[in-house]
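Survey of secondary and tertiary structure
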Amino acid sequence: MTEATIIGLRWLQYAGAVTLLGGPLFLLASFRRDEAPGTAGAKPLMLVAALTVAIASALALIAQTAMMAGSWSEAVNPASLSFVVTGTALGVALMVRAAVATVAAVLVCLMPPRRALWSLLILLGLIVSASFAWTGHGASTEGAGRAIHLGLDILHAIGAALWLGALAILTLLLSRPAMLEPRQTHRVLHGFSGLGTLAVALLTVTGLGNSWFLVGPDRLASLPQTLWGQLLIGKLALFALMCAFAATNRFRLTPALDRAVDEDAGVASSLARLRHSVLLETLAGALLLALVAVMGVQAPPAAM
């Protein structure tokens, strides 16, 4: 029960964190200054993301304390909580994550949906994403490779946020056609291709680096024999599926929308196909995060 709770709270933290960082970054990169009013619809999503991270992180601190102490009654004991917060890197990371996300929620409530708000949320989102390195397998690496592994974990989390956070905003915008003109939708999607390519490259490079620490070349053949290895294979399959959706969106559906706008024919059907494809890509990303949450409580091959 405790482990299942921790996995669920991890997933919520991941989902909120990628939206908190990738969403504002996408808005800054894809919209001009004179289009700021059109991004106002993203503000509620940012508030939900920030509150999700803050609440899930606080609850995760309680759940982790319960696991360490061996009972839920100890999880609400001030002395036990204080020990986890002050005596473990995990506790510090969770507290920092909750505090930073709370600040982000307050800023979303107080500031208008303009570039200043998105810039501040990117900064806070970077801190939240970086904090996951101290609650993941990278923190258990010892010796000279520790700093490298932590750095790879941070960059991997940022790469995931670039892609998945942007997808969250795209899904929102495409679900509300009135928020964007068709021509503007095409331009935003076309602009996203560069950000998506950067995210894929970052995830690929850092993923290979992390695999060196967590698996190692001598254990590759035994991956299917362990639960962690099976989850990794599933994660890679979902990553490949997302890349296929992204390629379809970039090279087929987005140009098709451009032609439909130019010819003033079939715009609605082109938008519908894009909406469906982006939604499926987003759902695949959500499932991928769920696998990552489960992997976080399993021992990788290198630890066996």
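For the structure itself, look to the data block above.
This report concerns the structure included in the present document. None of these values were measured; they are calculated from a predicted model.

Scoring rules and cut-offs
- Residues numbered from 1 in each chain as written.
- Predicted model: local features only at pLDDT ≥ 70, side-chain atom pairs only at ≥ 80, totals over all residues.
- Heavy atoms only, no water.
- Helix = DSSP H or I, 4+ residues; strand = E, 2+ residues; numbered from the N terminus.
- Buried < 20%, exposed > 50% of the residue type's maximum accessible area, 1.4 Å probe, protein only.
- Contact = heavy atoms within 4.5 Å.
- Areas by Shrake-Rupley, 256 points an atom, 1.4 Å probe, with all protein chains shown as cover.
- Lys, Arg positive; Asp, Glu negative; His and termini not counted.
- Charge placed at Lys NZ, Arg CZ, Asp CG, Glu CD.
- Core = buried A, V, L, I, M, F, W, Y, C linked by side-chain atoms within 4.5 Å.
- Phe/Tyr/Trp six-rings, centres within 6.5 Å; stacked < 30°, edge-to-face > 60°.
- Expected span 1.5 Å × (residues − 1).
- Axes fitted to C-alpha atoms, helices over the stretch in contact; angles between N-to-C directions.
- Left-handed = near helix turned anticlockwise from the far one by under 90°.
- Nonpolar A, V, L, I, M, F, W, Y, C, P; charged D, E, K, R; others polar.
- Patch = residues over 30% accessible without salt bridge, like charges linked within 9 Å, V, L, I, M, F, W, Y side chains within 5 Å.
- Salt bridge = Lys/Arg side-chain N within 4 Å of Asp/Glu carboxyl O.

**Re the overall build of the protein**
Along its length, the protein carries ten helices and zero strands. Reading the protein from its N terminus to its C terminus gives the helix and strand order α-α-α-α-α-α-α-α-α-α. Here the protein, with 304 residues, has 49% of them falling under the buried criterion. In the protein, the share of contacts with a sequence separation of at least 24, taken over all contacts with a separation of at least 6, comes to 78%. A total of about 13,800 Å² of accessible surface is found on the protein, and carbon and sulfur atoms cover 71% of it. Taking the average location of the 18 positive side-chain charges in the protein and that of its 13 negative ones, the two points are 3 Å from each other.

**Notes on the nonpolar core**
Formed by 70 residues in total, the largest nonpolar core has its most connected members in Phe-26, Trp-118 and Leu-121. At the level of elements, α1 (2–30), α2 (43–69), α5 (89–110), α6 (115–131), α7 (145–175), α8 (182–214), α9 (227–263) and α10 (267–295) are the ones that each hand at least two residues to this core. Counting residues in hydrophobic clusters, the runner-up holds nine residues, among them Leu-9, Ala-56, Ala-60 and Leu-90.

**Topic: the environment of Ala-60**
The topology assignment puts Ala-60 in helix α2. Classification of Ala-60 as buried rests on a relative accessible area of 7%. It is 9.2 Å that separates the C-alpha atoms of Ala-60 and Gly-8, two residues lying 52 residues apart in sequence. Among residues more than four places away in sequence, those in contact with Ala-60 are Leu-9, Gln-13 and Leu-94.

**Focus: the packing of aromatic side chains**
Taken as a whole and judged by the stated rule, the model has two aromatic pairs. Geometrically, the ring pair formed by Trp-163 and Phe-239 is edge-to-face, given 5.8 Å between the ring centres and 75 degrees between the ring planes. Within this pair, whereas Trp-163 is found in helix α7, its partner Phe-239 is found in helix α9, the two being separated by 76 residues in sequence.

**What to know about the environment of Thr-135**
As for its placement among the helices and strands, Thr-135 is situated in the loop between α6 and α7. Overall, Thr-135 belongs to the buried group, its relative accessible area being 10%. As for Thr-135 and Gly-296, which are separated by 161 residues in sequence, their C-alpha atoms are 8.5 Å apart. With sequence-adjacent residues up to four places away left out, Thr-135 is seen in contact with Arg-10, Leu-90, Ala-93 and Arg-97.

**Comments concerning α5**
The terminal C-alpha atoms of α5 lie 32 Å apart, and with 22 residues this matches the ideal 32 Å at 1.5 Å per residue to within 8%. For α5, the set of buried residues is Leu-90, Gly-91, Ala-93, Leu-94, Arg-97, Ala-98, Val-100, Ala-101, Ala-104, Ala-105, Leu-107 and Val-108. Those residues of α5 hidden inside the fold are in contact with α1, α2, α4 (78–87) and α6.

**Thoughts on α8**
The first and last C-alpha atoms of α8 sit 45 Å apart over 33 residues, in line with the 48 Å expected at 1.5 Å per residue. Within two residues after α8, Gly-216 carries a phi angle of roughly 85 degrees, on the positive side.

**Section: the packing of α1 against α8**
Between α1 and α8, the least distance of the axes is 10 Å, while the angle of their chain directions is 115 degrees. Judged by the sense of rotation from one axis to the other, the crossing of α1 with α8 is right-handed. In this structure, α1 uses Leu-25, Phe-26 and Ser-30 to contact α8, whose residues at the interface are Arg-187, Val-188, Phe-192 and Leu-195. Considered class by class, the residues forming the contact of α1 with α8 number five nonpolar, one polar and one charged.

**So, a nonpolar patch on the surface**
A surface patch of nonpolar side chains, about 300 Å² in accessible area, is lined by Val-92, Val-96, Leu-123 and Ile-127. Put simply, the parts of the chain that give the nonpolar patch at least two residues each are α5 and α6. Topologically, Val-96 is positioned in helix α5.

Structural measurements only, silent on function.
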